[in-house]
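Examination of the molecular architecture
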Amino acid sequence: NGSDPSPPFFILASIPGLEAAHFWMAICLCSLYIVAVTGNCAVLFIVKTEPSLHAPMYFFLCMLAAIDLALSTSTVPRVLSFYWFNTREISFGACLVQMFLIHSLSAIESSVLLAMAVDRYVAICHPLRHAAILTNAVTAKIGLVAMARGVLFFLPLPLLLLPLPFCKSRELSHSFCLHQDVMNLACTNTTPSVVYGLIAILLVMGLDSILICLSYILILKAVLRLASWKERLKVFSTCIAHICVVLAFYVPLIGLSVVHRFGKDLAPLVHITMGNIYILVPTVLNPIIYGVRTKQIQRRILNLI
């Protein structure tokens with residue numbers, strides 16, 4: 001009947017006509033991966049060893065670095081194996097595990113970015129109460145809630161795909177496994193999976209983005225009440241790094257969603273490029289942004305060098 005209720009593998013996407021360039025593409029990806037791992041490990045080490053950085057904002061930054069390490073490590077080595085050794089097949093179980101890790105870690109990162117926005121709001125709008133509101137215990141609880149939220153919301157995604165029959169065409173449109181990509185290969189009704197995936201995205205990333213925007217509206221109101229432009233710029237400059245990190249996360253996420261929704265007829269290069277940007281750009285940029293914007297991190301990096 002042309003379907004397999006339990007497919008043994010999926011086929012990772014390659015770019016037609018560019019197979020000879022896979023080696024050099026892998027070199028570029030490997031270089032970005034090394035930058036991401038080195039940068040995020042440096043952030044974790046510096047915050048751990050620098051007592052002046054033992055504050056909620058930098059604890060959240062450590063959470064962000066750990067998430068980026070896990071996200072890039074769950075995808076990039078497998079992509080490099082494909083490009084260097086032409087191992088295009090990925091088992092059904094490994095694909096579902098990778099898909100769960102990508103989506104759940106992205107949800108956790110979104111929650112941490114929201115927590116960092118709340119931290120900036122409290123620090124600017126209620127500075128005298130900041131230490132009392134965001135204690136170390138509260139920061140740890142927020143991290144645990146973010147982790148539980150990501151796991152609980154996105155654990156059903158692979159479970160909904162597990163019993164579906166898949167057609168003979170098992171080639172994905174990315175070099176790793178994403179929910180919508182795998183779901184499109186099923187040769188049966190996928191409405192429950194579609195509806196739940198949309199609900200999960202809206203209740204996590206969608207809600208987080210709205211609350212982040214709301215927090216910055218309140219921050220802008222507080223900043224505009226200050227007497228001089230110099231004071232306004234000085235206070236708002238403490239948010240620049242977080243704003244850049246939020247954009248580095250949400251812009252590739254929105255771009256990838258648009259490609260999935262409206263770009264079915266686009267060239268495979270577009271899908272693969274957007275997928276790699278979504279996985280690698282935030283993990284590479286986050287430590288660089290905070291390294292540039294945080295004097296204590298700059299100083300420690302220079303000392304290490």
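Just so you know, these numbers come straight off a predicted model, no measurement behind them.

Quick notes on empty space enclosed by the protein
A complete count under the given rule lists two cavities of 30 Å³ or more for this structure. The volume enclosed by the largest cavity comes to roughly 40 Å³. In terms of lining, the largest cavity is formed by Leu29, Thr75, Val76, Val79, Phe176, Asn276, Ile279 and Leu280. Elements supplying a minimum of two residues to the lining of the largest cavity: α3 (76-85) and α12 (268-293). Sort the elements by how many residues they give to the lining of the largest cavity and α12 lands first, with three residues. Grouping the amino acids of the lining of the largest cavity by side-chain chemistry returns six nonpolar, two polar and no charged.

Topic: the side chain of asparagine 286
Among the secondary structure elements, asparagine 286 is positioned in helix α12. Among the residues examined, asparagine 286 registers a relative accessible area of 2% and is labelled buried. Not counting residues up to four positions away in its chain, the partners in contact with asparagine 286 are Leu64, Asp68, Glu109, Val245 and Ala248.

A word on helix α9 (residues 191-224)
Along its 34 residues, α9 runs 47 Å from first to last C-alpha, staying within 8% of the 50 Å computed at 1.5 Å per residue. If you look at α9, its biggest bend is around 35°, right at leucine 202. Of all the residues in α9, the buried ones are Ser193, Gly197, Ala200, Val204, Met205, Asp208, Ile212, Ser215, Tyr216, Ile219, Ala222 and Val223. Buried residues along α9 sit in contact with α4 (92-125), α6 (136-154), α7 (156-161), α8 (179-183), α10 (229-236) and α11 (240-262).

Some remarks on the UniProt feature "transmembrane region" (unreviewed entry) in the chain
UniProt records the feature "transmembrane region" (unreviewed entry) for residues 20-46, 58-84, 90-118, 130-155, 194-219, 240-263 and 269-292 in the present numbering. Secondary structure content for residues 240-263 is 96% helix and 0% strand, while the C-alpha to C-alpha distance between its ends is 32 Å.

Focus on the pattern of salt bridges
Applying the stated criterion across every chain, the model contains four salt bridges. Across the salt bridge formed by arginine 300 and glutamate 50, the nearest N and O atoms sit 3.3 Å from each other. On the criterion of sequence distance, the pair formed by arginine 300 in helix α13 (residues 295-304) and glutamate 50 in the loop between α1 (22-49) and α2 (56-73) is long-range, its members being 250 residues apart. A salt bridge links arginine 149 to aspartate 208; its shortest N-O distance comes to 3.0 Å. Pair noted here: arginine 149 is in helix α6 and aspartate 208 is in helix α9, with a separation of 59 residues, a long-range link. For arginine 149, a relative accessible area of 19% gives the class buried.

Some words on the packing of aromatic side chains
By the definition in use, this model includes six aromatic pairs. Ring-pair connections join several aromatic residues into one group, and the members of that group are Phe10, Phe92 and Phe166. Its guanidinium or amino end placed over the ring of phenylalanine 9, arginine 170 lies 5.3 Å from that ring's centre, counting from NZ or CZ. Stacked on the ring of tryptophan 229, the Lys or Arg arginine 232 has its end atom at 4.7 Å from the ring centre.

Topic: the side chain of histidine 179
Position of histidine 179 relative to the elements: it lies in helix α8. What makes histidine 179 buried here is its relative accessible area of 6%. Ignoring anything within four residues of it in the chain, the contact list for histidine 179 reads Met99, His103, Leu157, Leu161, Ser193 and Gly197.

Some details on the packing of α6 against α9
Helix-helix packing is characterised by the crossing angle of the two axes and by the distance between the axes. Where α6 meets α9, the axes come as close as 10 Å, and the angle between the chain directions of the two elements is 160°. What the angle tells us is that α6 and α9 run roughly antiparallel. Contacts from Arg149, Leu152, Phe153 and Phe154 in α6 reach Tyr196, Ala200, Ile201, Leu203, Val204, Met205, Leu207 and Asp208 in α9. Residues belonging to the contact of α6 with α9 are distributed by class as follows: 10 nonpolar, no polar and two charged.

Digging into the state of the cysteines
Counted according to the given criterion, the structure contains one disulfide. Two residues, cysteine 95 and cysteine 177, share a disulfide whose sulfurs are 2.0 Å apart. Around the S-S axis, the bridge from cysteine 95 to cysteine 177 shows a dihedral of about -120° and counts as left-handed. Here the residue cysteine 95 occupies a position in helix α4, and cysteine 177 occupies one in the loop between β4 (166-167) and α8, the gap between them amounting to 82 residues. A residue is classified by how much of its surface remains accessible, and cysteine 95, at 0% relative accessible area, is buried. Left unpaired, cysteine 239 is separated from the closest cysteine sulfur, that of cysteine 125, by 8.9 Å.

Quick notes on the rules
- Every chain's residues receive numbers from 1 upward, in the order its sequence appears when written.
- pLDDT decides what is reported in this predicted model: residues at 70 or higher carry local features, side-chain atom pairs at 80 or more are listed and counted, and totals for whole chains, interfaces and linings draw on all residues regardless.
- Side-chain measures here rest on the full set of heavy atoms in the structure, leaving out hydrogens and waters.
- Only protein atoms enter the 1 Å grid used here, on which a cavity is any set of points holding a 1.4 Å probe that cannot leave and a pocket is any open set flanked by protein within 12 Å on both sides along at least five of seven lines; residues with an atom within 4 Å of a point are listed as lining.
- Grid points are joined across faces, edges and corners, and a volume is the space filled by probe spheres set on the points.
- To qualify as a helix, a DSSP run of H or I must reach at least 4 residues; to qualify as a strand, a run of E must reach at least 2; elements of each kind are numbered from the N terminus.
- Three residue categories are used. Nonpolar comprises Ala, Val, Leu, Ile, Met, Phe, Trp, Tyr, Cys and Pro, charged comprises Asp, Glu, Lys and Arg, and polar comprises the others, including Gly.
- Only protein chains enter the accessibility calculation, which uses a 1.4 Å probe; a residue is then buried when its area is under 20% of its type maximum, exposed when over 50%, and partly exposed in between.
- Should any heavy atoms of two residues lie within 4.5 Å, those residues are considered in contact.
- What a helix should span is 1.5 Å times the count of its residues minus one.
- The term bend refers to the angle at a residue between two fitted axes, each drawn through seven residues, those ending there and those starting there.
- UniProt positions are given in the numbering used here, feature names are shortened, and annotations may be inferred rather than shown by experiment.
- Every case where a carboxyl oxygen of Asp or Glu lies within 4 Å of a side-chain nitrogen of Lys or Arg is listed as a salt bridge.
- Note on aromatic contacts: the rings of Phe and Tyr and the six-membered ring of Trp form a pair at centre separations within 6.5 Å, being stacked when their planes are under 30 degrees apart, edge-to-face when over 60 apart, and tilted otherwise.
- A ring is considered to have a charge above it if a Lys NZ or an Arg CZ atom is located within 6 Å of its centre and within 35 degrees of its normal.
- As a rule, the C-alpha atoms of each element are fitted with a line to give its axis, helices using only the stretch in contact, and angles between N-to-C directions run from 0 to 180 degrees.
- Throughout this description, any angle smaller than 35 degrees is read as roughly parallel, any larger than 145 degrees as roughly antiparallel, any in the 65 to 115 degree range as roughly perpendicular, and the remainder as oblique.
- Here, the term disulfide refers to a pair of cysteine sulfur atoms separated by no more than 2.5 Å.

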